[in-house]
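Summary of structural features
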Amino acid sequence: LATEDRKRNRARTQGSLSARYTPLDWLTFDANVSYDRSDRRLNFFLDQGIKTEGYATGGIGEISQFSGTTNTINSEASANLMRKFGGLTLRSTGRVLLESESNELTTANGQDFAVPGVNSLNNAKTRFVESSVETIKASGYFVTLGGDYSGKYIGDGLIRRDGSSLFGVNERWNNYYRVSGAWRMAQERWWPWAQTLNEFKLRAS
């Protein structure tokens, strides 16, 4: 380890912006966008002629360089509604979510130096280089609708559609659903155990 020159550098950049707009007392719009970048770099150098565990009389020299960058952008927008109509309270949310991530990786290795003391890939007689670029995208859309009447009868439903580039064409998009209802029987006037059992709710989902 004393003869190796190994350096690792990392940098992280993050930022986000949020906004809210309430044009009516029962309607609110929210939006958010965030950015995340990660930079990574690793340099390794073992000079020619240095005695190591594998080379008792001195190695042939080895060098490697790795660099990776990841960029991620996430954005989200939603509309939230909640309004009362007498004893009926309705609430609804519509939301859009978009995600994008890109990864760029480059790795270079070299062995068998032409001359000692030169920390450069060009000094290696044998070189191996590989790189990759990957982009991942995902999006989601959903709408919820819920309500309750007099605090006794509660209903809720959701429809959602999600997509991801990580899946094949036939499985890239999927739909999801949810519906539920509840009855707070203990709030009814005829409930016989109001003093001892003040909350009893039946729920189906």
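So, here's what we can say about the structure. (Residues numbered from 1 in each chain as written. Predicted model: local features only at pLDDT ≥ 70, side-chain atom pairs only at ≥ 80, totals over all residues. Heavy atoms only, no water.)

Brief notes about the pattern of salt bridges
Close approach of charged atoms lets side chains of opposite charge pair. Applying the stated criterion across every chain, the model contains 10 salt bridges. In this structure, aspartate 36 and arginine 12 form a salt bridge, with 2.8 Å as the shortest nitrogen-oxygen distance. With aspartate 36 in strand β2 (residues 27-46) and arginine 12 in strand β1 (residues 5-24), this residue pair connects regions lying 24 residues apart in the sequence. Across the salt bridge formed by arginine 91 and aspartate 148, the nearest N and O atoms sit 3.6 Å from each other. Here arginine 91, found in strand β4 (residues 88-113), pairs with aspartate 148, found in strand β5 (residues 124-149); they are 57 residues apart in sequence, far enough to count as distant. What makes arginine 91 partly exposed here is its relative accessible area of 32%. Assessed through its relative accessible area of 18%, aspartate 148 is described here as buried. (Salt bridge = Lys/Arg side-chain N within 4 Å of Asp/Glu carboxyl O. Helix = DSSP H or I, 4+ residues; strand = E, 2+ residues; numbered from the N terminus. Buried < 20%, exposed > 50% of the residue type's maximum accessible area, 1.4 Å probe, protein only.)

Thoughts on the pairing of β5
Inspection of the sheet shows β4 paired to β5 by 25 bridges, in the antiparallel sense. What sits directly across from glutamate 101, in β5, is isoleucine 136. The pairing of β5 with strand β6 (residues 153-164) spans 12 bridges and is antiparallel. Residue phenylalanine 142 lies in a different strand from β6, and its bridge partner there is arginine 160. Turn length for the β5-β6 hairpin, with the two strands adjacent in sequence and antiparallel, is 3 residues, and the turn residue serine 150 shows positive phi of about 60°. (Pairing = 2+ DSSP bridges.)

Focus on the sheet that holds β1
Here we have 8 strands laid out as an open sheet, ordered β1-β2-β3-β4-β5-β6-β7-β8, and antiparallel in their pairing. Strands at the two margins of the open sheet, each flanked by one partner only, are β1 and β8 (201-204). The average undirected angle you get between the axes of adjacent strands in this sheet is 10°. Bridge count between β1 and β2: 18 bridges; the pairing is antiparallel. Bridging across to β2, lysine 7 finds its partner in asparagine 43. (Axes fitted to C-alpha atoms, helices over the stretch in contact; angles between N-to-C directions.)

Focus on the pairing of strand β3 (residues 62-85)
Bridging between β2 and β3 involves 20 bridges; their strand directions are antiparallel. By the bridge assignment, asparagine 32 is partnered in β3 with glutamate 76. Bridge analysis of β3 against β4 gives 24 bridges, and the strand direction is antiparallel. Note on β4: the bridge partner recorded for methionine 82 is arginine 91. Between the antiparallel neighbours β3 and β4 lie 2 residues, among them glycine 86 with a positive phi of about 70°.

Purely geometric stuff here, so don't read any function into it on its own.
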